[in-house]
Amino acid sequence: MASVITKGCTKCKKCVEPCPVDAFHEDADTLVINPETCIDCGACIPACPVGIIYAEEDLPDNLKNFKDINLEKSKTLPIISENN
Ligand code: SF4
Ligand code: SF4
């Protein structure tokens, strides 16, 4: 299981610092979480000021497609860390 960034990301990056692994990737519009890196610790979920990060098992039906979006985008986008 992994956490999933859904729609409405403002790219504030407040979710990045609490993450114990480098699970976040970025494009021009959004951050995404690499499900192969995420250890499902949940630390990023309360850190998001707009509340758009969900544990995979808690995804509402209308946002379930973001699981695949996070997976596909994270394959090609650069990793970001709290230092960049
Ligand atoms: S659930 Fe934990 S490991 Fe996964 S992206 Fe969030 S902070 Fe990182
Ligand atoms: S904290 Fe939320 S809005 Fe900010 S970058 Fe992370 S997912 Fe996007």
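In what follows, the structure referred to is the one given above.
The structure displayed is predicted, hence computed values, not measured ones.

Chemist: Please clarify how the site of ligand 2 should be interpreted in this entry.
Modeler: Lining the immediate environment of ligand 2, one finds 14 residues, of which Cys9, Cys12, Lys13, Cys15 and Cys48 sit closest. Of the residues assigned to the shell around ligand 2, the class counts are 10 nonpolar, 1 polar and 3 charged.

Chemist: How do you make sense of the environment of asparagine 65 when you look at a structure like this?
Modeler: In this fold, asparagine 65 is placed in the loop between strand E4 (53-55) and helix H2 (66-76). Separated by 59 residues in the primary sequence, asparagine 65 and threonine 6 have C-alpha atoms spaced 8.7 Å apart.

Chemist: Help me understand H2, please; the structure alone is not making it clear to me.
Modeler: Because each turn of an α-helix spans 3.6 residues, side chains separated by three or four positions end up pointing in the same direction. Listed as buried for H2 are Phe66, Asn70 and Ser74. Within H2, the buried residues cover an arc of 70° as seen down the axis, which keeps them to one side. Among the exposed residues of H2, those oriented more than 90 degrees off its buried face are Asp68, Lys75 and Thr76. If you follow the buried residues of H2, they end up packed against strand E1 (3-5), strand E2 (24-26) and strand E3 (31-33).

Chemist: Would you mind showing me how to read the site of ligand 1 here?
Modeler: Around ligand 1 sit 14 residues, and of these Cys19, Cys38, Cys41, Gly42 and Cys44 come closest. Per-class residue counts for the shell around ligand 1 are 11 nonpolar, 2 polar and 1 charged.

Chemist: Help me out: how do you make sense of the side chain of glutamate 26 in this one?
Modeler: Here glutamate 26 shows up in strand E2. Within the structure, glutamate 26 has its side chain in polar contact with the side chain of lysine 11 (distance 3.3 Å). Residues contacting glutamate 26, with those up to four places away along its chain left out, are Lys11, Lys13, Leu31, Leu77, Pro78 and Ile80.

Calculation criteria
- Position labels on residues start from 1 in each chain and follow its written sequence.
- Here the convention is simple: chains get letters from A, ligands get numbers from 1, in the order in which they are written.
- Only residues with pLDDT of at least 70 are given local features in this predicted model, and only at 80 or more are side-chain atom pairs given and counted; all residues enter the totals for whole chains, interfaces and linings.
- Here the side-chain values reflect all heavy atoms present in the structure, with hydrogen atoms and water set aside.
- By convention in these notes, a residue is near a molecule or strand provided one of its non-hydrogen atoms lies within 4 Å of it.
- Each residue gets one label: Ala, Val, Leu, Ile, Met, Phe, Trp, Tyr, Cys and Pro are nonpolar, Asp, Glu, Lys and Arg are charged, and the others, such as Gly, are polar.
- Only DSSP runs of H or I covering at least 4 residues are called helices, and only runs of E covering at least 2 are called strands; the numbering of each starts at the N terminus.
- Each residue is assigned to one of three classes by its accessible area relative to the maximum for its type, calculated with a 1.4 Å probe on protein chains only: buried under 20%, partly exposed between the two thresholds, exposed over 50%.
- Here the arc refers to the set of directions running from the helix axis out to each C-beta atom.
- Contact criterion: two residues are considered in contact whenever any of their non-hydrogen atoms come within 4.5 Å of each other.
- For this analysis, a polar contact is any N or O atom pair within 3.5 Å, provided that within protein one partner can donate a hydrogen and the other can accept it, and provided that sequence-adjacent residues contribute only side-chain to side-chain pairs.

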